Amino acid sequence: KMSVASDSPVHSSSSDDLAAFLETELDSDSDSSSESFPIGQAHDDDDAQVSNHRLKRQKLEYPEDETENVASVTFSEEISEASSSKVPCEHPGTFGNMCFVCGQKVEVTGVSFGYIHKGFKLQQDEVTRLRDIDMKALQSQRKLCLVLDLDHTLLNSTVLRDLKPEEEYLKSHTHSLQDVSGGDIFMLEFMHMMTKLRPFVHSFLKEASTMFVMYIYTMGDRPYARQMAKLLDPKGEYFGERIISRDDGTMKHQKSLDVVLGKEKAVLILDDTENAWPGHKDNLIVIERYHFFASSCKQFDHRFQSLSQLKSDESEPDGVLSAVLKVLKQTHSLFFQDGGEDLSSRDVRSLLKQVRKEILKGCKLVFSRVFPTKCQAEDHPLWRVAEGLGATCATEVDASVTHVVAMDVGTEKVRWAIREKKFVVHRGWIDAANYLWKKQPEENFGLEQLKKQGTDDVIVEKLRDMVVDAYTLSNPNQVHEDVILKARDACYMAQFSFSTLM
């Protein structure tokens with residue numbers, strides 16, 4: 001007697017149920033054998049394995065009270081019906097090119113879920129059905145889905161040979177892999193690498209797990225993804241088998257929610273790269289990149305020193321992950337507020353925009369010599385980002401203006417702001433609010449700060465302006481937030497050439 005339902009320590013999700021189903025249903029024919037295929041184990045001859053381990057248990061039990069766990073609806077009903085009914089099987093999915101309902105060898109066009117089990121594929125209609133089931137189960141537990149990137153989001157890794165001499169001290173600060181629960185920096189010699197967990201990540205995952213069913217989704221390969229999951233979640237209580245690598249994706253160099261068994265309107269994504277999610281930008285929280293190792297800075301052509309070189313790190317209570325956790329809590333609270341049973345109209349994408357609009361709410365901005373003269377101010381990415389953060393933007397000053405955003409102290413608008421005791425900030429103030437999801441102290445972004453910057457930093461600022469402006473003129477309808485991030489990274493790549501020409 002069995003059910004497909006799997007009592008996960010965190011929740012009972014469709015992905016866990018499917019994994020449990022496949023594990024149990026592929027038991028040996030012999031009653032004395034209890035071996036099953038481990039998740040992720042290679043199978044050289046899937047057809048032979050499936051043929052020898054047909055789905056024989058056709059009378060599977062439902063839980064006594066099905067309403068307590070909607071996700072426990074199983075494939076058993078389909079298997080039983082397929083064996084007794086003359087209605088043709090619709091082949092909702094396959095394992096090793098064999099339909100998991102009727103056992104016939106078929107070619108199913110659909111989505112592969114290799115991270116659940118190798119060779120497992122579902123038709124789109126079946127994916128939709130499972131998402132509907134999972135949505136009901138999650139709502140009964142007051143949970144949503146959260147997809148988490150690894151590199152530069154939750155941690156930072158480097159190849160050992162890329163460690164700088166001034167980073168050698170880190171080798172004496174690494175923690176044992178035998179007990180990773182209390183550590184944050186690890187030497188993985190068998191992978192020839194070192195990994196540093198982002199400050200606050202343990203608390204972040206613990207608190208987020210009470211509100212979300214969490215997935216890992218990385219562009220790294222499967223062995224790397226699973227090893228990082230062991231560092232972040234040594235007990236397997238947060239992610240289970242929901243570890244998606246580049247080997248499991250459906251698009252090269254991009255990520256998509258098509259391999260996530262959660263409805264888009266209930267999924268939030270945390271990633272440092274917006275371009276990785278071209279089809280799901282409204283689900284995305286773009287996080288500031290974590291550059292702990294020098295090789296990370298080099299990867300993005302940044303000329304500043306890394307945190308390890310500075311022998312520093314992000315703040316635990318006031319760092320990026322702490323700020324993002326507050327955003328997640330706000331969005332989750334809005335989704336489930338009023339405690340109503342009908343949540344079908346709720347959508348995290350609109351709620352996330354609502355949360356963003358609180359960041360600069362009450363601020364009225366005027367820009368001074370920030371945009372190129374040929375550009376319509378309203379079409380500039382920085383203008384749109386500011387509006388997305390809840391600010392009101394204007395082209396002329398008046399008494400209601402709270403901030404003048406400028407890059408030069410000599411403009412008429414800046415002089416007006418100083419005279420009228422208004423805030424004068426450079427454009428980095430908006431950048432910081434955008435990536436930290438929090439309004440920043442104006443005094444840290446005054447124009448006098450630009451004067452204190454070195455020549456290289458001034459060049460970087462100018463290059464960023466030039467890249468953004470050029471991009472805006474050539475792409476007037478582009479509104480994505482990654483424009484500024486693109487410009488920031490691109491300006492460092494152009495810095496050396498620019499300095500040479502000067």
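Computed from a prediction, not measured in an experiment: that's the story for all the values here.

S.K.: Pulling in residues and values, what's your account of the overall build of the protein?
M.R.: For the protein, the count of helices and strands is 15 helices and 16 strands. Going through the 502 residues of the protein one by one, you find that 52% of them count as buried. Carbon and sulfur atoms form 48% of the exposed surface of the protein, whose accessible area is close to 23,800 Å².

S.K.: Run through the sheet that holds strand β4 (residues 120-122), naming residues and quoting values.
M.R.: Across the sheet, which stays open at both edges, the four strands sit in the order β2-β1-β4-β3 with antiparallel pairing between neighbours. Of all the strands in the sheet, just β2 (98-99) and β3 (111-112) have a single pairing partner and so form its edges. Relative to β4, strand β1 (residues 93-95) runs antiparallel, the two being bridged by three bridges. Along β4, the bridge assignment pairs F95 with F120.

S.K.: So what's going on with the nonpolar core? Which residues, and what values?
M.R.: In this structure, F204, F367 and I430 are the most contacted members of the largest nonpolar core, which totals 72 residues. Among the elements that make up this core, the one with the highest residue count is helix α8 (residues 320-336) (nine residues). Ignoring sequence-local partners within four residues, the contact set of F204 consists of L146, L148, L154, L270, L321, V324, L325 and L328.

S.K.: Let's hear about unusual backbone geometry: which residues, and what values?
M.R.: Phi angles above zero are rare outside glycine, and H192 is one such case at about 60°. Position of H192 relative to the elements: it lies in the loop between β7 (185-188) and β8 (193-197). The class for H192 is exposed, based on a relative accessible area of 54%.

S.K.: Talk me through the sheet that holds strand β12 (residues 284-286); I want residue IDs and the actual numbers.
M.R.: Paired through their backbone hydrogen bonds, the strands of a sheet run either parallel or antiparallel. Ordered in space as β10-β9-β5-β11-β12, the five strands form an open sheet in which the pairing is parallel. A strand with exactly one partner marks an edge of an open sheet, and here the two such strands are β10 (243-244) and β12. Here five bridges tie strand β5 (residues 144-148) to strand β9 (residues 212-217), and the two strands are oriented parallel to one another. Within β9, the residue paired with L144 across the bridge is F212. Contacts between helix α9 (residues 348-356) and the sheet are confined to β5, β11 (267-271) and β12, with β11 contributing the most and set at about 55° to the helix.

S.K.: Which residues make up the pattern of salt bridges, and what are the values?
M.R.: A complete count under the given rule lists 21 salt bridges for this structure. As a salt-bridge pair, R226 and E241 come within 3.4 Å of each other at their nearest N and O atoms. Here R226, found in helix α6 (residues 222-232), pairs with E241, found in the loop between α6 and β10; they are 15 residues apart in sequence, far enough to count as distant. With relative accessibility at 23%, the residue R226 sits in the partly exposed group. Between E274 and K281 there is a salt bridge, with the nearest N and O atoms lying 3.8 Å from each other. Exposure remark for K281: the relative accessible area of 16% places this residue in the buried category.

S.K.: Help me get a handle on the confidence of the model for the protein, residues and values and all.
M.R.: Looking at the protein as a whole, its pLDDT mean stands at 79, while 72% of the residues score no less than 70. This model gives residues 1-12 a pLDDT under 50, and the stretch forms 42 contacts once residues within four places in sequence are excluded.

S.K.: For helix α10 (residues 381-388), give the residues involved together with the corresponding values.
M.R.: Listing the buried residues of α10 in full gives P381, L382, W383, V385 and A386. Positive phi appears at G390, one or two residues downstream of α10, with a value of about 100°.

S.K.: So what's going on with the environment of K329? Residues and values would help.
M.R.: Inspection of the secondary structure puts K329 in helix α8. Overall, K329 belongs to the partly exposed group, its relative accessible area being 38%. In this structure the C-alpha to C-alpha distance between K329 and A208, which are 121 residues apart in sequence, comes to 8.2 Å. Non-local contacts of K329, meaning those with residues more than four positions away in its chain, are made with E207 and M211.

S.K.: Break down the packing of α8 against α9 for me, with residues and values.
M.R.: Between two packed helices, the angle of one axis relative to the other and the distance separating the axes together describe the packing. With their axes 9 Å apart at the nearest point, α8 and α9 run at an angle of 125° to one another. Judged on the interaxial angle alone, α9 and α8 are oblique. Relative to α9, α8 is oriented so that their crossing is right-handed. Here V327, Q330, T331, L334 and F335 of α8 come into contact with α9, specifically with V348, L351, L352, Q354 and V355. Residue classes in the contact of α8 with α9 are distributed as seven nonpolar, three polar and no charged.

S.K.: Any details on the pairing of strand β13 (residues 364-368)? Residues and values, ideally.
M.R.: Among the five residues in β13, five count as buried, and that is most of the element. Of the two faces of β13, the one carrying K364, V366 and S368 and the one carrying L365 and F367 are both buried. Bridging between β13 and strand β14 (residues 392-394) involves three bridges; their strand directions are parallel. Bridging from a neighbouring strand, K364 pairs with T392 of β14. For the crossover from β13 across α10 to β14, the handedness is right-handed. Here β13 runs beside strand β15 (residues 403-406); their pairing, made up of four bridges, is parallel.

S.K.: Can you explain the environment of G114? Please cite residues and give values.
M.R.: With respect to the helices, strands and loops of the structure, G114 is situated in the loop between β3 and β4. Look at G114 and you get partly exposed, because its relative accessible area is 21%. Taking the C-alpha atoms as reference, G114 lies 5.8 Å from D248; in sequence the two are 134 residues apart. Setting aside its immediate chain neighbours within four residues, G114 contacts F120 and D248.

Rules and cut-offs
Residues numbered from 1 in each chain as written. Predicted model: local features only at pLDDT ≥ 70, side-chain atom pairs only at ≥ 80, totals over all residues. Heavy atoms only, no water. Helix = DSSP H or I, 4+ residues; strand = E, 2+ residues; numbered from the N terminus. Buried < 20%, exposed > 50% of the residue type's maximum accessible area, 1.4 Å probe, protein only. Areas by Shrake-Rupley, 256 points an atom, 1.4 Å probe, with all protein chains shown as cover. Pairing = 2+ DSSP bridges. Core = buried A, V, L, I, M, F, W, Y, C linked by side-chain atoms within 4.5 Å. Contact = heavy atoms within 4.5 Å. Axes fitted to C-alpha atoms, helices over the stretch in contact; angles between N-to-C directions. Salt bridge = Lys/Arg side-chain N within 4 Å of Asp/Glu carboxyl O. pLDDT = per-residue confidence, 0-100. Parallel < 35°, antiparallel > 145°, perpendicular 65-115°, else oblique. Left-handed = near helix turned anticlockwise from the far one by under 90°. Nonpolar A, V, L, I, M, F, W, Y, C, P; charged D, E, K, R; others polar. Right-handed = clockwise from strand over helix to strand, strands pointing away.

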